[in-house]
Amino acid sequence: MSRIVRVGAAQLGPIERHHSREEVVARLVSLLQAAADDGCRLVVYPELALTTFFPRWFVDDIATADHWYETHMPNEATQPLFDEAQRLGIGFCLGYALLEHDPVGDAIRRWNVQTLVERDGSIVGTFKKVHIPGHEGHEPDRPFQHLERYYFEPSPEGFHVWDAFGGRVGMMICNDRRWPESYREMGMQGVEMILCGYNTPLHYAPDPSQDPLQGFHNALVMQSGAYQNGTFVIGVAKGGTEEGVPSLAESSIIAPSGEILASATTDGDELITADCDLDWCRQYKNTLFDMDRYRRPEVYTRLSAPPRNAP
Ligand code: CDT
């Protein structure tokens, strides 16, 4: 039986602070409908797809930022997206900020997450971002903040995969895509399609020499992660200049060969699509990257040990 999943990467342009959830969800629904017209079975949205990238601002009292988080999914604002997706028979992957009340000790937990929804509207799973980049405290000398480490906890769960859409699906969020361990953890579980939303500012304050390389690094990590693990990777940006901060667009759909099957040509709302034949993964997983035959875990013992840095 064929395992071809037509996938849409639904890139978003900027979301400004004053845009309501309802306005944003209307944009998501319009991309979903375009994907349905194009025959897609799955649509992937960016990281923090319901709001502006709020970690660029510092607030003294973090509770005053709680309005950027969702407390449950679906909720009143996102229900129209869930309803329309179910009506059209399309699944989707949505990135957003999640605020949870931990029953133990009454603590509040803040996460950067993606939720995957099947074509029948059932929730497959919610992934919490593992690698949280940026800084913990206000750094007033920066042109803008990157306070993800203030606003989000790192996932204690790591990289799970789910049987969905006729294959094995994993998720990662933005900075996770730069780490080989993200792909490998999922590769070790036989992943066939990795869904990744991102918000990548073009300016990197700690080392601006990396600024002109943002697009190159984005393609480099996702193409090599796909190839080395015999998996599709769907990378979806929130691009364009949001609240004065220019961000990388360049969403792409990457095959297990490492080749780019589709890529965005604008930095605004744009749908790109490709047929992802999940059986293509076997060509790589069963040959060059046959893990049972060629992998050498007995000499990889340092991989999960603390690093010994160069002098
Ligand atoms: N959102 C996110 O993870 N962005 C990071 C930029 C980090 S720069 C402090 C990324 O890896 O694209």
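A brief report on the enclosed structure follows.

What counts as what
Residues numbered from 1 in each chain as written. Predicted model: local features only at pLDDT ≥ 70, side-chain atom pairs only at ≥ 80, totals over all residues. Heavy atoms only, no water. Helix = DSSP H or I, 4+ residues; strand = E, 2+ residues; numbered from the N terminus. Rg over C-alpha atoms; globule rule 2.2 N^0.38 Å. Areas by Shrake-Rupley, 256 points an atom, 1.4 Å probe, with all protein chains shown as cover. Lys, Arg positive; Asp, Glu negative; His and termini not counted. Charge placed at Lys NZ, Arg CZ, Asp CG, Glu CD. Pairing = 2+ DSSP bridges. Axes fitted to C-alpha atoms, helices over the stretch in contact; angles between N-to-C directions. Contact = heavy atoms within 4.5 Å. Buried < 20%, exposed > 50% of the residue type's maximum accessible area, 1.4 Å probe, protein only. Right-handed = clockwise from strand over helix to strand, strands pointing away.

### A look at the overall build of the protein
Helix and strand content of the protein: seven helices and 14 strands. The C-alpha radius of gyration of the protein comes to 19 Å, within 12% of the 19 Å expected for a compact globule of 311 residues. Over its C-alpha atoms, taken along the principal directions, the protein stretches across nearly 60 × 55 × 45 Å. In the form shown here, the protein has an accessible surface area of approximately 14200 Å², with 52% of it arising from carbon and sulfur atoms. Within the protein, one finds 27 positive and 44 negative side-chain charges whose respective centroids are separated by 7 Å.

### Topic: the sheet that holds strand β12 (residues 252–254)
Picture the strands of a sheet paired through backbone hydrogen bonds; they go either parallel or antiparallel. Within the open sheet, the six strands sit side by side as β6-β7-β8-β9-β12-β13. Their pairing is mixed. Two strands close off the open sheet at either side, each with one partner strand: β6 (161–164) and β13 (260–263). Strand-to-strand twist of the sheet, defined as the mean angle between neighbouring strand axes without regard to direction, takes the value 20°. Strand direction decides the pairing type here: strand β7 (residues 167–173) and strand β8 (residues 193–198), joined by five bridges, are parallel.

### Concerning the sheet that holds strand β5 (residues 123–128)
In spatial order, the strands read β5-β4-β3-β2-β1-β14; together these six strands make up an open sheet with mixed pairing. Looking at strand neighbours, the two that pair on one side only are β5 and β14 (270–277), the edges of this open sheet. The average undirected angle you get between the axes of adjacent strands in this sheet is 35°. In terms of strand pairing, strand β1 (residues 4–11) meets β14 through eight bridges, oriented antiparallel. Looking at the pairing, I4 lines up with D277 of β14. Running over the sheet, helix α1 (residues 21–37) touches β1, β2 (42–44), β3 (91–102) and β14 and is turned about 45° from β14.

### What to know about the pairing of β7
Within a regular beta strand, the side chains point alternately toward one face of the sheet and then the other, so they alternate between its two faces. Counting buried positions along β7 yields six of seven residues, so the element is predominantly enclosed. Where β6 lies against β7, four bridges are found, and the strand directions are antiparallel. For D163, the partnering residue across the bridge sits in β7 and is R168. Between β6 and β7, which pair antiparallel and follow one another directly, the connecting turn spans two residues, one of which, F165, has a positive phi of 55°. For the handedness criterion, the β-α-β arrangement of β7, helix α4 (residues 180–187) and β8 is classed as right-handed.

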